[in-house]
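Fold and geometry: a report
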Number of protein chains: 2
Amino acid sequence: MQPKRSDRRRPSVRPAARAAPRPGRARPGEEANRRGEIVRAAARLFREKGFDGTTVRDIARAVGMRSGSPFYHFETKQDILLAVMEEGLAAGLEATEAVLAAKLPPREKFRALVRAHLEILLDEGHDFIPVLLYDWRSLTRENRAKIVALKDRYDAVWQQVVRELRRAGLLHTDSPLARLLVLGAINFMATWYRRDGALGLDEIADQTVDFFLGPAKR
Amino acid sequence: MQPKRSDRRRPSVRPAARAAPRPGRARPGEEANRRGEIVRAAARLFREKGFDGTTVRDIARAVGMRSGSPFYHFETKQDILLAVMEEGLAAGLEATEAVLAAKLPPREKFRALVRAHLEILLDEGHDFIPVLLYDWRSLTRENRAKIVALKDRYDAVWQQVVRELRRAGLLHTDSPLARLLVLGAINFMATWYRRDGALGLDEIADQTVDFFLGPAKR
DNA sequence: CCTACCGATCGGTAGG
DNA sequence: CCTACCGATCGGTAGG
């Protein structure tokens, strides 16, 4: 006997009263909207239970659809995963490149970059990047290549800022390893951060900057 | 149609010639041995494909058993996961506490700790800790509690060394966040490290120590 | 987007 | 530890 992953209902019984969103037919024009809902719901579920631990039925239920209906919007479950990662990376990349564009001094630029990354990594409703980080293995080879291309741009932004920190004498190296250590330390926060914990995102950002660059001089 | 995860064979046909280890009955006395083989094979598979992405049949095949036979050694698949994590943590803890016991100066102690951790995190045949880090979510609540207890001891060792670094003036903080940043940066290496890459474990250890503490003075 | 369904696979078990 | 098997579930599809 397998452990049950979800409540089982008789197939012929319509789910009458439950907390989930409205089932039914989409009104014309809100189709793209529904697609976005699926992506967001899937991101949250993938983050919590992993890609393999989440069923298409879970996703359908979360947006108030019947079990087969997500396939009206996506051809395969894998395509949903790709959409989650692509949309998350695109949004993150936009925020990140905006930080680069704002001509801040190195330390402030680093702080802004860390803060922006913490938001998409840890804040409520931003489940895309954690899924990217922790469900990497579930991507097909072809989809992995697409994601890598986006991720490379992300890394380039960080490498650029690390270089500026080095030039300003705030770091003593700007090697790729330095970037990997900084980003790794931050990305690993997705493992231990609790939204109800002692530190907020602003405090974590400040202390992280201080840790890597040394306390700010005045 | 689902994508096939493995070759399918007619159930009545014995697998005659294949590369995997000998099928057949265990000789008396090597039972504990077989259990260990299962744990090691499972660790490797879990690391590659995740807990949910690995089937008991995969594990059985990897050690040359038929599909139901792992259940002679373990009650459930979950128990295999627990064994992987427990045995990995126990071994890591032993190596780690040995570093603490050897009375090295702070910088050398840190370096030895990093090096020991890199070994169990990245080296061939050490798949336990990566599984622990990346399949956390698949543990039941009760098993998670058991693992947390072991992990706390591990963290305590690192916190102790961070404290010594601070006292020696090599770090300017010994907060828990400092420990989380250092360990996170290192643990995240499991994501990007390639055994055929440019840097070996010794070089990574040296450069990591230099990054966090500043280059060694002479 | 629902209904109704399929083939494949999965974790696990009885009995030897 | 193998043989033979079960019930449940899963991703996906045809047809409306």
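Parameters at a glance
Residues numbered from 1 in each chain as written. Chains lettered and ligands numbered in written order. Predicted model: local features only at pLDDT ≥ 70, side-chain atom pairs only at ≥ 80, totals over all residues. Heavy atoms only, no water. Helix = DSSP H or I, 4+ residues; strand = E, 2+ residues; numbered from the N terminus. Buried < 20%, exposed > 50% of the residue type's maximum accessible area, 1.4 Å probe, protein only. Areas by Shrake-Rupley, 256 points an atom, 1.4 Å probe, with all protein chains shown as cover. pLDDT = per-residue confidence, 0-100. Contact = heavy atoms within 4.5 Å. 1 Å grid on protein atoms, 1.4 Å probe; cavity = no way out; pocket = protein on both sides within 12 Å on 5 of 7 lines; lining within 4 Å. Points joined across faces, edges and corners; volume = space filled by probe spheres on them. Nonpolar A, V, L, I, M, F, W, Y, C, P; charged D, E, K, R; others polar. Domains from an automatic or database assignment. Buried area = accessible area lost by both parts, 1.4 Å probe. Salt bridge = Lys/Arg side-chain N within 4 Å of Asp/Glu carboxyl O. Phe/Tyr/Trp six-rings, centres within 6.5 Å; stacked < 30°, edge-to-face > 60°. Lys NZ or Arg CZ within 6 Å of the ring centre and 35° of its normal. Least-squares fit on C-alpha atoms with pLDDT ≥ 70 in both.

**So, the overall build of chain A**
- Along its length, chain A carries ten helices and zero strands.
- The order of helices and strands in chain A, counted from the N terminus, is α-α-α-α-α-α-α-α-α-α.
- Going through the 218 residues of chain A one by one, you find that 46% of them count as buried.
- Of the roughly 12,000 Å² of accessible surface on chain A, 50% is carried by carbon and sulfur atoms.

**Notes on the confidence of the model for chain A**
Residues and elements named next belong to chain A.
- The predicted model of chain A has a mean per-residue pLDDT of 88, with 86% of residues at 70 or higher.
- Below pLDDT 50 for its whole length, residues 1-20 participates in ten contacts with residues either more than four positions away or in separate chains.
- Counting interchain partners and residues more than four positions distant, the pLDDT-below-50 stretch residues 22-26 has eight contacts.

**Notes on empty space enclosed by the protein**
- A full pass over the atoms with the stated rule returns one cavity of 30 Å³ or more.
- Volume-wise, the largest cavity comes out at about 140 Å³.
- Residue lining of the largest cavity: 17 residues in total, with Gly50, Asp135 and Arg137 of chain A together with Asp135 and Arg137 of chain B positioned closest to the centre.
- Considering only residue class, the lining of the largest cavity consists of three nonpolar, six polar and eight charged.

**Describing the domain arrangement of chain A**
Residues and elements named next belong to chain A.
- In terms of domains, chain A is made up of domain 1 (31-76) and domain 2 (78-213).
- In this complex, domain 1 contributes 16 residues to the contact, which on the side of domain 2 involves 16 residues.
- Summing both partners gives a buried area of about 1,400 Å² for domain 1 against domain 2, and 64% of it is carried by carbon and sulfur.
- Interface area lost by domain 1 to domain 2 is led by Arg47, Phe51 and Thr76, which between them contribute 45%.
- Here Arg35 and Glu87 are joined by a salt bridge, their closest N and O atoms 3.8 Å apart.
- Here the side of domain 1 that touches domain 2 gets nine residues from one element, more than from any other, and that element is helix H1 (residues 31-49).
- A breakdown of the residues in the side of domain 1 that touches domain 2 according to their chemical character gives eight nonpolar, two polar and six charged.

**Considering the packing of aromatic side chains**
All names here are of chain A.
- Under the counting rule described, the total for this entry stands at ten aromatic pairs over all chains.
- Residues Phe46 and Phe51 carry aromatic rings whose centres are separated by 5.3 Å and whose planes lie at 65° to one another, so their mutual orientation is edge-to-face.
- Judged by its relative accessible area of 0%, Phe46 is buried.
- Judged by relative accessible area, Phe51 falls into the buried class, the value being 7%.
- Stacked on the ring of Phe51, the Lys or Arg Lys77 has its end atom at 4.3 Å from the ring centre.

**Details of the relation of the copies chain A and chain B**
- Superposition of chain A onto chain B requires a rotation of 180° combined with a translation of 0.0 Å along the rotation axis, giving an RMSD of 0.0 Å. These values place the two chain copies in the arrangement generated by a two-fold rotation axis. Identified as the residue of chain A closest to the rotation axis by C-alpha distance is Ala185 of chain A, at 1.9 Å.
- Same-surface contact between copies: 100% of interface residues of chain A are shared with the interface of chain B.

**Focus on the pattern of salt bridges**
Residues and elements named next belong to chain A.
- Within this structure, the stated rule accounts for 33 salt bridges over all chains.
- Close ionic contact of Lys49 with Asp58 constitutes a salt bridge, the shortest N to O distance being 3.0 Å.
- Residue class for Lys49 comes out partly exposed when judged on its relative accessible area of 31%.
- A salt bridge links Lys109 to Glu164; its shortest N-O distance comes to 3.0 Å. A residue pair is termed long-range when its members are at least 10 positions apart, and Lys109 in helix H5 (residues 106-122) and Glu164 in helix H7 (residues 141-167) qualify at 55 residues.
- The class for Lys109 is buried, based on a relative accessible area of 5%.
- Residue classification places Glu164 among the buried positions, given a relative accessible area of 16%.
- One network of salt bridges, with partners in common, ties together Arg111, Arg115, Glu119, Asp202 and Asp206.

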